[in-house]
Amino acid sequence: MPSSDDIQQYLTGAWRMMMGKADGLRLLDLTVDGFWNSFFAMVVALPALMVGWVAVASEFSMVSADVGSRFSIAVRFAAIDLAVWLLPIVVLAAVASRVGLADRFVHLVVASNWASALFIWLTVPVPLAGLIWSFGPESRVSLSLMLLALNLFVSWRVTNVAVAKGAAITTAVIAAMFVLSLLVQALLMAALGLGQAA
């Protein structure tokens, strides 16, 4: 488990990469231990993720009474978020050597993990506001699209620095990971009885 000082350094590195600064990568631990420790970013993001799970569970329970209790909805969304975080990495590990990313796989995973934790914390005011105020459907859609666009933008920057193979490769990686994440999310929502309510 990384120390608090290390975590702060890694988040700083992720922030600099989000800003398009290549030197942010030097603040990350790209060793084997650093690779596995980067998954601790999920623990760092957990409190902010929980806010999102509670917010979406409240929303889903108001839309349909058939999807279960708020607690069960939150647990199912937690499982979905975990899968959306991890499964694309597993797939990337399986194909990295075939698509010419084996030499940058560790860089990409470490950077993506810490950047994801940072992004979740930076955007936590949105689900927190949803717990306090009731947003209409149009406002929710607009906020979701804005967050998606912002996430894709900063993910592209982080990936561009981590992969260091040019804009075309970066765009292809982002597109593939995005489509895979959407697929995993859609399949799990349907499997866990949340697809129809959505």
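No experiment lies behind these values; they were computed from the predicted model shown. (Residues numbered from 1 in each chain as written. Predicted model: local features only at pLDDT ≥ 70, side-chain atom pairs only at ≥ 80, totals over all residues. Heavy atoms only, no water.)

1. Topic: the overall build of the chain
Stage number 1. The secondary structure content of the chain amounts to 8 helices and 0 strands.
Stage number 2. Relative to the compact-globule value of 16 Å for 198 residues, the chain shows a C-alpha radius of gyration of 17 Å, a close match.
Stage number 3. In terms of overall dimensions, the chain has a C-alpha envelope of 50 × 35 × 30 Å along the principal axes.
Stage number 4. For the chain, the proportion of contacts with a sequence separation of at least 24, taken over those separated by at least 6, is 72%.
Stage number 5. Entry remark: accessible area of the chain is about 10800 Å², with carbon and sulfur atoms responsible for 68%.
Stage number 6. The distance from the centre of the 10 positive side-chain charges to the centre of the 10 negative ones in the chain is 7 Å. (Helix = DSSP H or I, 4+ residues; strand = E, 2+ residues; numbered from the N terminus. Rg over C-alpha atoms; globule rule 2.2 N^0.38 Å. Contact = heavy atoms within 4.5 Å. Areas by Shrake-Rupley, 256 points an atom, 1.4 Å probe, with all protein chains shown as cover. Lys, Arg positive; Asp, Glu negative; His and termini not counted. Charge placed at Lys NZ, Arg CZ, Asp CG, Glu CD.)

2. Topic: the packing of helix 1 (residues 4-18) against helix 5 (residues 105-122)
Stage number 1. At a minimum axis separation of 9 Å, helix 1 and helix 5 run at an interaxial angle of 85 degrees. The orientation of helix 1 with respect to helix 5, classified from their angle, is roughly perpendicular. Residue-level inspection shows Ile7, Tyr10, Leu11, Ala14, Trp15, Met17 and Met18 of helix 1 in contact with helix 5, the latter providing Ala111, Trp114, Ala115, Leu118, Phe119 and Leu122. (Axes fitted to C-alpha atoms, helices over the stretch in contact; angles between N-to-C directions. Parallel < 35°, antiparallel > 145°, perpendicular 65-115°, else oblique.)

3. Focus on the packing of aromatic side chains
Stage number 1. Within the structure shown, the criterion is met by 5 aromatic pairs.
Stage number 2. Ring centres of Tyr10 and Trp114 lie 5.2 Å apart, and the angle between their planes is 45 degrees; this geometry places the pair in the tilted category. A residue pair is termed long-range when its members are at least 10 positions apart, and Tyr10 in helix 1 and Trp114 in helix 5 qualify at 104 residues. Of the two residues, Tyr10 and Trp114, both sit in the buried class.
Stage number 3. Taking the centre distance of 6.1 Å and the plane angle of 35 degrees together, the rings of Trp36 and Phe39 count as tilted.
Stage number 4. Given the relative accessible area of 56%, Trp36 is considered exposed.
Stage number 5. Among the aromatic side chains, those forming a connected cluster through ring pairs are Phe35, Trp36, Phe39 and Phe105. (Phe/Tyr/Trp six-rings, centres within 6.5 Å; stacked < 30°, edge-to-face > 60°. Buried < 20%, exposed > 50% of the residue type's maximum accessible area, 1.4 Å probe, protein only.)

4. A closer look at the confidence of the model for the chain
Stage number 1. For the chain, per-residue confidence averages 89 on the pLDDT scale, and residues scoring 70 or more make up 92% of the total.
Stage number 2. Confidence scores differ between elements of the chain, with helix 6 (residues 125-132) showing the lowest mean pLDDT of 78 and helix 1 the highest of 97. (pLDDT = per-residue confidence, 0-100.)

5. Concerning the pattern of salt bridges
Stage number 1. Tallying each qualifying case throughout the model produces 2 salt bridges.
Stage number 2. Arg16 is the partner of Asp23 in a salt bridge, and the nearest nitrogen-oxygen pair spans 2.8 Å.
Stage number 3. In this structure Asp23 comes out as partly exposed when scored by relative accessible area, which is 29%.
Stage number 4. Notably, a salt bridge pairs Lys165 with Asp103, separated by 3.4 Å at the nearest N-O pair. In this pair, Lys165 is assigned in the loop between helix 7 (137-163) and helix 8 (167-191) and Asp103 in the loop between helix 4 (70-95) and helix 5, connecting sequence segments 62 residues apart.
Stage number 5. A residue is classified by how much of its surface remains accessible, and Lys165, at 34% relative accessible area, is partly exposed. (Salt bridge = Lys/Arg side-chain N within 4 Å of Asp/Glu carboxyl O.)

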